[in-house]
Amino acid sequence: MSSDDALARAASKLRDAGRVVVFTGAGVSAESGVPTFRSAANSLWRQVDVANFAYPAGYRRNQPAAWRWYAERAAKAREVAPNAGHHAIVAIEEHVPASLVVTQNIDSLHQRAGSRRVLELHGNLREVRCFECGGRSPWPDLASLPEPVCRECGGLLRPDVVMFEEELPAGAMDEAREWATSCDVLLSVGTSNEVWPATEIPRYASRSGATVVIVNPDLEGQPIGRSIVHLAGKSGDVLPEIVRRAWGVDGGL
Ligand code: BV8
């Protein structure tokens, strides 16, 4: 299928959809300047050893370096801005009767672009919490702390993200599955599909008869199938184009 045919098919399915899920990964924020994890030269896992930062045991052992690494990411997330891809997703929400953004991202860019229903599977960089007492604080208040020590109990502070080997927020996968198995279209944008259980979400949709539209410059290893449409390209280019074709509006604003 040519890319023009694929774009036309995706736009047509979206225009006729009553219920849409937009499932996103780090790639949707790449054009905002947020590093991805595994793809480009600037990917995070090439800079640090994930075992020492994004696993609880490694995080506890590797202080204050791991705390500072997350504090820098939280500051970066506050500095960057949503891109045309995030804004096109908001345009989709405005034109579809029911929609949900299910994101693996922790940068809050969907919310800052104006998305109203965002399900964060892997937590966020807005807050800090204590490993011991669970006390929470907004990150900026604590970013300058040299040591991540909880003021309430003296415990170790951590970002409010889901690290590897930690459970996702209670009910998150249930809600994601309920939406994925009842939607007409699921857009999978900017994810390598490497992390479980999030990686199951496009499969739920495809098995339930939805059209799955995959947007990624690198389609290698992405799911294939009769109801799966591949759109090669950056989300900041492809998503506004789909919105233009579906509803004749400039979705990337
Ligand atoms: C759990 C938060 C139960 C922290 C993250 C063996 C096999 C399979 C699974 C496992 C296994 N062993 C263990 C597991 C389970 C494990 C897992 O999946 N491991 C992986 C490494 C194999 N999962 C877990 O541990 C989960 N919990 O299962 O609990 C349990 C209990 C005890 C023991 C075991 C299990 C928790 C998972 C959550 C982990 N937290 N991050 C932080 O961010 O620091 S995961 C991390 O990866 C991020 O959240 C990220 O969102 C996520 C997925 O990555 P992507 O978003 O897809 O990003 P990536 O860089 O990979 O890809 C970017 C894509 O964008 C690329 O395709 C690129 O081509 C594309 N792109 C680039 N530019 C653009 C673009 N696309 C569009 N436009 C562009 N411009």
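The structure we're discussing is the one just above.
The following refers to the structure shown. (Residues numbered from 1 in each chain as written. Predicted model: local features only at pLDDT ≥ 70, side-chain atom pairs only at ≥ 80, totals over all residues. Heavy atoms only, no water.)

## Remarks on the overall build of the protein chain
Helix and strand counts for the protein chain stand at 12 helices and nine strands. Taking 2.2 N^0.38 as the reference for a compact globule, 253 residues should give roughly 18 Å; the C-alpha atoms of the protein chain span a radius of gyration of 19 Å, in line with that estimate. Each principal axis of the C-alpha distribution contributes one length, and for the protein chain these read about 55 × 30 × 30 Å. Surface summary for the protein chain: the accessible area is close to 11,400 Å², and the carbon and sulfur share equals 49%. Treating the 27 positive side-chain charges of the protein chain as one cloud and the 31 negative ones as another, the clouds have centres 1 Å apart. (Helix = DSSP H or I, 4+ residues; strand = E, 2+ residues; numbered from the N terminus. Rg over C-alpha atoms; globule rule 2.2 N^0.38 Å. Areas by Shrake-Rupley, 256 points an atom, 1.4 Å probe, with all protein chains shown as cover. Lys, Arg positive; Asp, Glu negative; His and termini not counted. Charge placed at Lys NZ, Arg CZ, Asp CG, Glu CD.)

## Examining the sheet that holds strand β4 (residues 123-130)
Pairing is antiparallel in the open sheet, where three strands are placed in the order β5-β4-β6. Of all the strands in the sheet, just β5 (136-138) and β6 (157-161) have a single pairing partner and so form its edges. Across the sheet, the mean angle from the axis of one strand to that of its neighbour is 40°, orientation sign disregarded. Sheet topology places β4 next to β6; four bridges connect them, and they run antiparallel. Considered in β6, the bridge of Arg-129 is made with Arg-158. (Pairing = 2+ DSSP bridges. Axes fitted to C-alpha atoms, helices over the stretch in contact; angles between N-to-C directions.)

## Points about the site of the ligand
Taken together, the neighbourhood of the ligand is formed by 33 residues, with Phe-37, Arg-38, Arg-73, Thr-191 and Ser-192 sitting nearest. Here a nitrogen atom of the ligand sits 2.7 Å away from a polar atom, N or O, in the main chain of Glu-166. Of all the elements in the fold, those that place two or more residues in the shell around the ligand are α2 (27-30) and α6 (65-79). Along the lines of polarity and charge, the residues of the shell around the ligand split into 13 nonpolar, 11 polar and nine charged. Here the shell around the ligand gathers at least three residues from each of two domains, domain 1 (1-34 + 82-122 + 169-253) and domain 2 (38-79 + 125-161). (Near = heavy atom within 4 Å. Polar contact = N/O pair within 3.5 Å; in protein donor to acceptor, adjacent residues only side chain to side chain. Nonpolar A, V, L, I, M, F, W, Y, C, P; charged D, E, K, R; others polar. Domains from an automatic or database assignment.)

## Comments concerning the pairing of strand β8 (residues 211-216)
Summarising burial for β8: six of the six residues are buried, a large majority. What you see with β8 is no split at all: Thr-211, Val-213 and Val-215 on one side and Val-212, Ile-214 and Asn-216 on the other are buried throughout. Note that strand β7 (residues 185-189) and β8 share five bridges and pair parallel. The residue bridging Val-185 from the neighbouring strand is Thr-211, located in β8. (Buried < 20%, exposed > 50% of the residue type's maximum accessible area, 1.4 Å probe, protein only.)

## Brief notes about unusual backbone geometry
Among all residues except glycine, the phi angle is most often negative; among peptide bonds, the trans geometry is most common. Of note, the bond from Gln-63 into Pro-64 is cis; its omega dihedral lies within 30 degrees of zero at 0°. Residue position: Pro-64 is located in the loop between α5 (56-61) and α6. The omega torsion of the bond from Trp-196 to Pro-197 falls at 0°, within 30 degrees of zero and hence cis. Relative to the helices and strands, Pro-197 is located in the loop between β7 and α11 (200-207). Unlike most non-glycine residues, Ser-108 shows phi in positive territory, near 65°. With respect to the element layout, Ser-108 can be found in the loop between β2 (98-103) and α8 (109-113). Judged by its relative accessible area of 9%, Ser-108 falls in the buried class. Backbone geometry places Asn-193, a non-glycine residue, at a positive phi of 60°.

## Quick notes on the pairing of β7
β7 sits mainly inside the fold: five of its five residues count as buried. Residues Val-185, Leu-187 and Val-189 line one face of β7 and the alternating positions Leu-186 and Ser-188 line the opposite face, and both faces are buried. Two elements, strand β1 (residues 19-24) and β7, share five bridges in a ladder whose sense is parallel. Paired with Phe-23 across the strands is Ser-188, a residue of β7. For the crossover from β7 across α11 to β8, the handedness is right-handed. (Right-handed = clockwise from strand over helix to strand, strands pointing away.)

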